[in-house]
Amino acid sequence: MTTFYNEHSKVFVSVDCIIFGFENKKLKLLIGKRKMDPGRGSWSLYGGFVEKDESLDDAANRVLYQLTGLKDIYMKQVGAFGAIDRDPGERVISIAYCALINVKDYDKGLLEAHEVEWVNLEELPDLYSDHNDMVDKAITLLRRRVSSEPLSFNLLPDMFTLTQLQHVYEAILGEAIDKRNFRKKIKAVEYIEKTDFVDKVTSKRGAALYRFNKDAYLADSTFKL
């Protein structure tokens, strides 16, 4: 430990993970009851303190893996939250991260082990400290990016129907989308590929299944919906 900066006060740095999923036409958030003081028992995002040998991204990836058991998932930094009184325990600056996962990829055993649950976004309770503000900012960022980045595919299985894709867009945007215009735009996007498979589970008539071609997307950076 060096003696540099001893004249300055020390603060704690943490990461909080805003984990979105999609199920039954609803955008969901993964939350749990806080297990430590201050705020024990309050609804909260899942997070942790940044260790001295970690970068911010490393800490967020560690927390996400501990909670979900998943790697290489979509994750973006939302922003820093550093109000002086945001944590009554100590001076804590938190960096919020947004992650998108397919609910069905999440092992239900981990839900029980970590005592967390999926909650519909419109039914979100009051969360600990400024966590509701973090969620609001994350949603705002998603709505700005959803038409220019292929975010929605992170919330869906590898193969999906156009109806499922439309429902994801509607859940993120918080509004209905004209079906005819949506399908016209989607079918013009080369990296949303129609497969030879048909969904006979959610569609009685059998709906064509599509998939996202990541290589084609990376070759064409003009995504716009």
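The structure under discussion appears in the preceding block.
Keep in mind it's a predicted model, so treat the numbers as computed, not measured.

Enquirer: Please explain the packing of helix α4 (residues 162–173) against helix α5 (residues 179–187) as it appears in this structure.
Expert: A pair of packed helices is captured by two measures, namely the crossing angle of their axes and the spacing between those axes. One can describe the packing of α4 onto α5 by two numbers: an axis separation of 11 Å at closest approach and a directional angle of 110°. Here α4 lies roughly perpendicular to α5, going by the angle between them. Here L162, T163, L165, Q166 and Y169 of α4 lie close against α5, whose contacting residues are K179, F182, R183, I186 and K187. When grouped by side-chain class, the residues that make up the contact of α4 with α5 number 5 nonpolar, 2 polar and 3 charged.

Enquirer: Got a minute to help me understand unusual backbone geometry in this structure?
Expert: Apart from glycine, the bulk of residues carry a negative phi angle, and the bulk of peptide bonds sit in the trans form. Residue P38 is reached from D37 by a cis peptide bond, and omega for that bond is -5°. Its identity as a non-glycine residue notwithstanding, K25 has a phi of 70°, on the positive side. Among the structural elements, K25 can be located in the loop between β1 (12–23) and β2 (26–33). Positive phi is not limited to glycine here, since S129 has a value of about 50°.

Enquirer: Would you explain a negative patch on the surface in this entry?
Expert: Judged by side-chain charge, E51, D53, D57 and D58 come together as a negatively charged surface patch. Position of D53 relative to the elements: it lies in the loop between β4 (46–49) and α1 (56–68). For D53, a relative accessible area of 68% puts it in the exposed group.

Enquirer: Can you help me understand the packing of aromatic side chains in this one?
Expert: Think of a pair of aromatic rings as described by two things: how far the centres are apart, and how the planes are tilted against each other in angle. Taken as a whole and assessed by the stated rule, the structure comprises 9 aromatic pairs. Consider the rings of F4 and Y5, whose centres lie 6.4 Å apart with planes at 55°: the pair is tilted. Among the residues examined, Y5 registers a relative accessible area of 60% and is labelled exposed. Over the face of the ring belonging to W43 we find K33, whose NZ or CZ atom lies 4.7 Å from the ring centre. The ring of Y128 has R34 lying over it, and the distance from NZ or CZ to the ring centre is 4.1 Å.

Enquirer: What am I meant to see in the side chain of E170 here?
Expert: Examined against the element boundaries, E170 turns out to sit in helix α4. Dropping the residues within four chain positions of it, E170 is found in contact with E175, A176 and I177.

Enquirer: What exactly am I supposed to notice about the sheet that holds strand β9 (residues 192–199) here?
Expert: Picture the strands of a sheet paired through backbone hydrogen bonds; they go either parallel or antiparallel. One open sheet holds the 3 strands; their spatial order is β8-β10-β9, and the pairing between them is antiparallel. The open sheet terminates on both sides in strands that have one partner only, identified here as β8 (159–160) and β9. When β9 meets strand β10 (residues 207–212), the two strands line up antiparallel, connected through 5 bridges. Residue pairing for β10: K194 is matched across the bridge by Y210.

Enquirer: Explain the pairing of β10 here, please?
Expert: Regular strands show a simple pattern: their side chains alternate between the two faces of the sheet. Here β8 pairs with β10 via 2 bridges, running antiparallel. Of the residues in β10, the one forming a bridge with M159 is R211.

Conventions and cut-offs
In this numbering scheme, every chain counts its residues from 1 along its sequence in written order. The predicted nature of this model means local features are confined to residues of pLDDT at least 70 and side-chain atom pairs, given and counted, to a pLDDT of 80 or more, with totals for whole chains, interfaces and linings taken over all residues. Only heavy atoms go into the side-chain values, all of them from the structure, while hydrogens and water stay out. Every axis corresponds to a line fitted to the C-alpha atoms, with the helix fit spanning only the stretch in contact, and the corresponding angles, defined between N-to-C directions, vary from 0 to 180 degrees. Strands are runs of DSSP state E lasting at least two residues, helices are runs of H or I lasting at least four, and both sets are numbered from the N terminus onward. Reported orientations rely on four angle classes, namely roughly parallel under 35 degrees, roughly antiparallel over 145, roughly perpendicular from 65 to 115, and oblique for the rest. The contact definition used throughout considers only heavy atoms, calling two residues in contact when any of these lie within 4.5 Å. Amino acids are sorted into nonpolar (Ala, Val, Leu, Ile, Met, Phe, Trp, Tyr, Cys and Pro), charged (Asp, Glu, Lys and Arg) and polar (every other residue, Gly among them). Like charges are joined within 9 Å and nonpolar side chains (Val, Leu, Ile, Met, Phe, Trp, Tyr) within 5 Å, but only among residues with over 30% relative accessible area and no salt bridge; these make up the patches. Calculation of accessible area relied on Shrake-Rupley with a 1.4 Å probe; when residues are assessed, cover is drawn exclusively from the protein chains displayed. Any carboxyl oxygen of Asp or Glu within 4 Å of a side-chain nitrogen of Lys or Arg constitutes a salt bridge here. Note on charges: Lys and Arg go in the positive column, Asp and Glu in the negative column, and His and the chain ends are not counted at all. All charge positions are set by atom: Lys at NZ, Arg at CZ, Asp at CG, Glu at CD. Relative accessibility decides the category of a residue: with a 1.4 Å probe and only protein chains considered, values under 20% of the type maximum give buried, values over 50% give exposed, and everything between is partly exposed. When two rings of Phe, Tyr or Trp (its six-membered ring) have centres within 6.5 Å they constitute a pair, described as stacked for plane angles under 30 degrees, edge-to-face for angles over 60, and tilted for the intermediate range. Only Lys NZ and Arg CZ are tested; either one counts as a charge over a ring when it is within 6 Å of the ring centre and within 35 degrees of the ring normal. A pair of strands counts as paired when DSSP detects no fewer than two bridges linking them.

In short, the description is geometric, and any link to function would need to be established separately.
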